[in-house]
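Given next are the chains, with one letter for each unit.
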Amino acid sequence: MNEEEQNEVNIPKEVVIAEKELDEKSLVKQLNRRAFVNVLGASILSLGGFASWKWIISSETEGDLPWQLRKIHEFNEKVARFYFNPKKLAPTFPKEMTKDMYENGDVGMDESFEPDNWKLNFVNEKTSKVFSIEEIKKLPVVEMVTEFKCIEGWSRIVQWKGTPLYEFLEKNKLLTPNAKYVSIETPDQEYYVGIDIESALHPQTLLAYEMNGEPLSKGHGAPLRLVIPLKYGVKNIKRIGKIELTSKRPKDYWAERGYDWYGEIGRAHV
Ligand SMILES: Nc1nc2c(c(=O)[nH]1)N[C@H]1C(S)=C(S)[C@@H](COP(=O)(O)O)O[C@H]1N2
Ligand SMILES: [Mo]
């Protein structure tokens, strides 16, 4: 198996059929359409205009790009790899298949926490910023029904609503070419996950604030949690306190306890 194949999400046959039966508005189609606009938008914004975007494509073969431009170009290609390849999307399901979610894992979930006083801290190599939940709710909204899998062996079909992490980063101009990883931790820093940048920018990786049509409860991670259907439950951190973009592989709570750092479904773990 080459690396490309390993990275692909395994889509069970019955799910593929279910997808075909969904109408024009299926999430996969919506995501692909939106993604196309986004990728183009991202390229144009970061390179400062269509003329220079064209120039970078045509001069690529000459191999004499200034390193900064090359970096940005490579970076956008990484984003595009997911956005243009529907096989790399996790399967989605009809809403009727959703079930109540277990509550599992309470590390960093101290009872005394007040969701109303919450702010999100963001850090990258250039800046640090603070965001309110209102600012996050103004960003593009994605609703999706995906399977949530815990390494303990249970799984649930869950409906989520939130904004793609990609949109949060892109719309707030927080992406930097040196960002290779995202580190996310709870406000008390007791629970923390590391995510590779490609998975972080995946269109189904959400900063979620609703679950099964209700605002997130405290136990499920209010006011904001990560939902990343490409990865096992352990990576779906509840109660996000801080998001940091970094060039170094971040620490990860369950990787420190012997689990695979990537935690990717369809990849060998443990
Ligand atoms: N802050 C925090 N997030 C966490 C955990 C945790 O212990 N603390 N456990 C993880 C694990 S192992 C799972 S399976 C899911 C469970 O999410 P749920 O409680 O919404 O079902 O949360 C993940 N996120
Ligand atoms: Mo889990």
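The structure contained in this document is the topic of the report that follows. (Residues numbered from 1 in each chain as written. Chains lettered and ligands numbered in written order. Predicted model: local features only at pLDDT ≥ 70, side-chain atom pairs only at ≥ 80, totals over all residues. Heavy atoms only, no water.)

Overview of the overall build of the chain
Of regular secondary structure, the chain possesses eight helices and ten strands. Put simply, the chain has 270 residues, and 48% of those count as buried. Partitioning the contacts of the chain with sequence separation of at least 6, the portion at a separation of at least 24 is 71%. Of the roughly 14000 Å² that the chain leaves accessible, carbon and sulfur atoms contribute 51%. (Helix = DSSP H or I, 4+ residues; strand = E, 2+ residues; numbered from the N terminus. Buried < 20%, exposed > 50% of the residue type's maximum accessible area, 1.4 Å probe, protein only. Contact = heavy atoms within 4.5 Å. Areas by Shrake-Rupley, 256 points an atom, 1.4 Å probe, with all protein chains shown as cover.)

What about the site of ligand 1?
What surrounds ligand 1 is a group of 20 residues, the closest being Tyr 102, Val 107, His 220, Arg 225 and Lys 238. Side-chain polar atom of His 220 to an oxygen atom of ligand 1: 2.6 Å apart, as the coordinates give it. Between Asn 236 and ligand 1, the recorded distance is 3.0 Å, taken from a backbone N or O atom to a nitrogen atom. Grouping the amino acids of the shell around ligand 1 by side-chain chemistry returns ten nonpolar, six polar and four charged. (Near = heavy atom within 4 Å. Polar contact = N/O pair within 3.5 Å; in protein donor to acceptor, adjacent residues only side chain to side chain. Nonpolar A, V, L, I, M, F, W, Y, C, P; charged D, E, K, R; others polar.)

What to know about unusual backbone geometry
Glycine aside, a negative phi is what most residues show, and trans is what most peptide bonds show. Between Ala 222 and the following residue, Pro 223, the backbone shows a cis peptide bond with an omega angle of 0°. Turning to its location among the elements, Pro 223 is positioned in the loop between strand 8 (214-215) and strand 9 (225-227). One non-glycine residue with positive phi stands out, namely Lys 173, at about 55°. Considering the arrangement of structural elements, one finds Lys 173 in the loop between helix 7 (165-171) and strand 5 (181-185).

A word on the sheet that holds strand 1 (residues 120-123)
Sheets are built from strands paired through backbone hydrogen bonds, the pairs being either parallel or antiparallel. Ordered in space as 2-1-10-5-6, the five strands form an open sheet in which the pairing is mixed. The sheet terminates laterally at strand 2 (128-131) and strand 6 (192-196), the two strands that pair on one side only. Here the average twist between neighbouring strands, direction ignored, is 20°. Taken together, the four bridges between strand 1 and strand 2 define a ladder with antiparallel strand orientation. Bridge pairing in strand 2 links Val 123 to Ser 128. (Pairing = 2+ DSSP bridges. Axes fitted to C-alpha atoms, helices over the stretch in contact; angles between N-to-C directions.)

Quick word on the packing of aromatic side chains
Working definition: an aromatic ring pair is given by the centre-to-centre distance plus the angle between the planes. By the definition in use, this model includes eleven aromatic pairs. Seen from their ring centres, Phe 131 and Phe 168 are 4.9 Å apart, and the 70° between their planes marks the pair as edge-to-face. Of the two residues, Phe 131 sits in strand 2 while Phe 168 sits in helix 7, which places them 37 residues apart along the sequence. According to the relative accessible area criterion, Phe 131 is buried, its value standing at 5%. Relative to Trp 261, the ring of Tyr 181 has its centre 5.6 Å away and its plane inclined at 90°; by these criteria the two rings are edge-to-face. Residue Tyr 181 is found in strand 5, and its partner Trp 261 is found in the segment after strand 10 (242-246); the two are separated by 80 residues along the sequence. (Phe/Tyr/Trp six-rings, centres within 6.5 Å; stacked < 30°, edge-to-face > 60°.)

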